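Report on the structure
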Amino acid sequence: MTAHIASLPADRASPALDTRIVLEVEGLSLSLRNADGLLPIVTDVSFAIRQGEAVALVGESGCGKSITASAIMGIAPDNAEIGGTITLNGQAISGLSPRARRKLCGRHMGFIFQEPMTALHPTLSIGRQMTDTLRHNLGLSHAEATSRAAQLLDRVGIPRARDILKGYVHELSGGMRQRVMIALAISCGPSLVIADEPTTALDVTIQAQVLDLLDDMRRELDLAMLFITHDLEVVGDFCDRAVVMYAGDVVERGLSADIVRSPAHPYARGLIDAVPDHDDGRTRLTPILGTVPPVGQWPPGCRFAPRCNRVDAQCRTRPALELHGSTEARCWHPLEPSA
Ligand SMILES: Nc1ncnc2c1ncn2[C@@H]1O[C@H](COP(=O)(O)OP(=O)(O)OP(=O)(O)O)[C@@H](O)[C@H]1O
């Protein structure tokens, strides 16, 4: 997990394409209704995640990663209007009633959020939160749920599991809290885990441990994992495939190894150049100039055009997501594949 993006592990380059699709997102759009009408937040997002595969949703802050995840999880804001289809294990979940959706997602999806202090209940013991989840979703008895909760804490590397079950989230360190979140996320045997910036709030050394644990869980339990991040280094080290988002749009999609080594979209190139490269002695990063346009102020055509050094008149028209080299990119002037 500590490998730099320039030295990707070989097995990251070849995710099994014969395994079944767990999550399929097809033409997802999300707009928020306000007093002035509908405000588009994400448009035409499509990707799939297979069993045992980690897919990164990557982009700068405000690109629409979290709200895309919230639409998948069924927790989008009340004023959201959502289009497209979301399919989990072959069942279209986007059309289900909120109750049916909650039941299905509680059993088959696990969630890990950036800040466990807000995701976990402050005044319920850790044991109570875990056993409630297990009893509600799996119908276990109190004794069975307690025993399973202790096994899960043990499995995610929490010592003295039985004592910790009696404690509260504020008594734990940041890394331990995130381990509890991981134990909860895998507790009901989900097929999909969604991790939204799970290490952003942690110290660097603890980040690596938590990423290693997530990677172990994914392999051991054959989980499909959606990993939301703004960090291309994490994408290269941890994920089989990547979906790069910019201003609510998918701008590049493909194998992480291919995108990190030879991106086709200038935005993906910019994200990579913004990572300091210690291997070749380039410790200074090159930031992408400008900022992501706020929702409601996207330019017509290519949304990255105002920040792009390859821009010309053609970029006033919206490009399609098309195959360029080994990845798909939404760009009129994609970068040449590097040797
Ligand atoms: N409830 C909401 N009401 C209005 N705008 C919203 C709401 N939720 C998200 N947005 C806007 O939608 C856009 C996408 O937000 P989102 O949180 O999905 O971005 P992100 O890529 O996950 O960023 P970050 O990494 O900072 O979480 C942002 O411009 C955000 O301000």
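The structure displayed is predicted, hence computed values, not measured ones. (Residues numbered from 1 in each chain as written. Predicted model: local features only at pLDDT ≥ 70, side-chain atom pairs only at ≥ 80, totals over all residues.)

**A look at the site of the ligand**
We count it as follows: Any residue whose C-beta atom, as set from the backbone, lies within 6 Å of a molecule or strand is reported as near that molecule or strand. Every helix listed is a DSSP run of H or I at least four residues long, and every strand listed is a run of E at least two residues long, numbered separately from the N terminus. Residue polarity is assigned by list, with Asp, Glu, Lys and Arg as charged and Ala, Val, Leu, Ile, Met, Phe, Trp, Tyr, Cys and Pro as nonpolar; anything else, Gly included, falls into the polar class.
Near the ligand there are 14 residues, and of these Ser 61, Cys 63, Lys 65, Ser 66 and Ile 67 occur at the shortest range. Counting residues per element, the shell around the ligand draws most heavily on helix H1 (residues 65-73), at 3 residues. Classifying every residue of the shell around the ligand by side-chain character gives 7 nonpolar, 6 polar and 1 charged.

**With respect to the UniProt feature "domain: ABC transporter" (unreviewed entry) in the chain**
Our working rule: UniProt positions are given in the numbering used here, feature names are shortened, and annotations may be inferred rather than shown by experiment.
Within the UniProt annotation, "domain: ABC transporter" (unreviewed entry) is assigned to residues 23-272. Here residues 23-272 runs as 43% helix and 28% strand, with 27 Å between its end C-alpha atoms.

**Let's talk about unusual backbone geometry**
Keep this limit in mind: Exposure is read from a count of other C-beta atoms within 10 Å of each residue's own; the residue is exposed at 12 or fewer, buried at 20 or more and partly exposed in between. C-beta atoms are placed from the backbone.
At Asn 89, a position not held by glycine, the phi torsion is positive, near 50°. You can see Asn 89 is positioned in the loop between strand S4 (80-88) and strand S5 (91-92). Even without a glycine there, the phi angle at Arg 160 is positive, about 50°. Mapped onto the fold, Arg 160 is located in the loop between helix H5 (142-155) and helix H6 (161-166). Take Arg 160: there are 11 C-beta atoms within 10 Å of it, and that puts it in the exposed class.

**So, the packing of helix H4 (residues 126-138) against helix H7 (residues 174-186)**
Geometrically, a packed helix pair is captured by the angle between its two axes and the distance between the axes. Threshold: Note on geometry: axes are lines fitted to C-alpha atoms, helical ones only across the stretch in contact, with angles between N-to-C directions running from 0 to 180 degrees. Angles are sorted into four bins: roughly parallel if under 35 degrees, roughly antiparallel if over 145, roughly perpendicular if 65 to 115, and oblique for all others. Helix crossings get a hand from a simple test, with the near helix turned counterclockwise from the far one by less than a right angle marking a left-handed crossing and a clockwise turn marking a right-handed one. Working definition of a contact: two residues with C-beta atoms, positioned from the backbone, lying within 7 Å.
The interhelical angle for the contact between H4 and H7, taken along N-to-C directions, is 15°, at an axis separation of 10 Å. Considered as vectors, H4 and H7 are oriented roughly parallel to each other. The handedness of the crossing between H4 and H7 is right-handed. In this structure, H4 uses Ile 126, Gln 129, Met 130 and Thr 133 to contact H7, whose residues at the interface are Val 180, Ala 183 and Leu 184.

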